[in-house]
Amino acid sequence: MLKVGLTGGYASGKSLVACELQRLGCHLIYADELGHQVLLPHGEAYAPVLAQFGTGILDENGRIDRKKLAAIVFGDASRLNMLSSFVHPAVFALEKKMLDEFQAKDPRGIAVIEAAILIEAKRNTWFDRIILTACDEEVQITRGMKRDKVTRGQALARLASQMPLSEKRKHADYVVDTSGTKESTSFQVRRIHADLARLAKA
């Protein structure tokens, strides 16, 4: 099975590219969704995160409020690193379980893991190919503010917490420019998928 990492900066169009790859037949794993799972009360990261950050991050149902948690860690590298040390190992274990299942069902298929901080976590060498989504920074800010209902300052803080796209480009095998229309992005993804399908069957 061909293992592909899909990454990009904050609000750079990863979800759109992921959906297109899934439509084309790829097996998709969304690292952010797994991050949600491990922070649920039964999740592996729930207890250590609660012990570190306190009950102030909980909502009225006793679940971790991700927005409250984000407000604490974004802009504070040491606290973000602490959160990552709890969440990442739990997410990686779930990813491996899913990949093993995909491998058993479709050994010559394509498995894509979509993760915002894939390169920062030094996981890029684990994949056969890396796809990067990229667009103008102002586009990222505008999209992020609209999608997450955050202020410009909060969007900028999230951007600042990640590796610049210019640096991520050095590690990418493919770059999808998502600045244009959805049709333009889809066209780029189809071309990349054709190449990935060839590699998977080789």
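Quick caveat: nothing in here was measured; it's all calculated off a predicted structure.

Criteria and cut-off values
Residues numbered from 1 in each chain as written. Predicted model: local features only at pLDDT ≥ 70, side-chain atom pairs only at ≥ 80, totals over all residues. Heavy atoms only, no water. Phe/Tyr/Trp six-rings, centres within 6.5 Å; stacked < 30°, edge-to-face > 60°. Buried < 20%, exposed > 50% of the residue type's maximum accessible area, 1.4 Å probe, protein only. Lys NZ or Arg CZ within 6 Å of the ring centre and 35° of its normal. Pairing = 2+ DSSP bridges. Helix = DSSP H or I, 4+ residues; strand = E, 2+ residues; numbered from the N terminus. Axes fitted to C-alpha atoms, helices over the stretch in contact; angles between N-to-C directions. Contact = heavy atoms within 4.5 Å. Core = buried A, V, L, I, M, F, W, Y, C linked by side-chain atoms within 4.5 Å.

Undergrad: Teacher, can you tell me more about the packing of aromatic side chains here?
TA: Aromatic ring pairs: the centre-centre distance and the angle between the two ring planes describe each pair. Within the structure shown, the criterion is met by one aromatic pair. Consider the rings of Trp126 and Phe127, whose centres lie 5.0 Å apart with planes at 90 degrees: the pair is edge-to-face. A relative accessible area of 38% places Trp126 in the partly exposed class. The ring of Trp126 carries Lys3 above its face, with NZ or CZ at 5.2 Å from the centroid. In this arrangement the basic side chain of Arg123 is found over the ring face of Phe92, its NZ or CZ atom lying 4.0 Å from the centre.

Undergrad: How should the sheet that holds strand S5 (residues 174-177) be read in this particular structure?
TA: What holds strands together in a sheet is hydrogen bonding between their backbones, with the strands either parallel or antiparallel. Here we have five strands laid out as an open sheet, ordered S2-S3-S1-S4-S5, and parallel in their pairing. Unpaired on one side and paired on the other, strand S2 (27-30) and S5 mark the two borders of the sheet. The mean angle between the axes of side-by-side strands here comes to 20 degrees, regardless of whether they run parallel or antiparallel. Relative to S5, strand S4 (residues 129-134) runs parallel, the two sharing four bridges. Its bridge partner lying in S5, Ile131 is registered against Tyr174. Relative to the sheet, helix H9 (residues 182-201) contacts strand S1 (2-8), strand S3 (110-114), S4 and S5, its axis offset from that of S5 by approximately 160 degrees.

Undergrad: For this particular structure, what's the right way to read the nonpolar core?
TA: The tendency in soluble globular proteins is for nonpolar side chains to be buried as a group. Residues Val49, Ile64 and Leu69 are the most contacted members of the largest nonpolar core, which totals 34 residues. Taken together, the elements giving at least two residues each to this core come down to helix H2 (31-38), helix H3 (46-53), helix H4 (66-73), helix H5 (77-105), S3 and S4. In terms of residues, this core owes the most to one element, H5, which gives seven residues. Here Val49 is in contact with Leu39, Gly54, Ile57, Ile64, Leu69, Leu83 and Phe86, once residues within four sequence places are set aside. Residues Val17, Tyr30, Tyr174 and Leu196 belong to the second largest nonpolar core, which totals 19 residues.

Undergrad: How should the pairing of S1 be read in this particular structure?
TA: The side chains of a regular strand alternate between both faces of the sheet. Across the seven residues that make up S1, a large majority, six, are buried. With five bridges joining them, S1 and S3 adopt parallel strand pairing. Considered in S3, the bridge of Lys3 is made with Ala111. Here five bridges tie S1 to S4, and the two strands are oriented parallel to one another. Paired with Gly5 across the two strands is Ile130, which belongs to S4.

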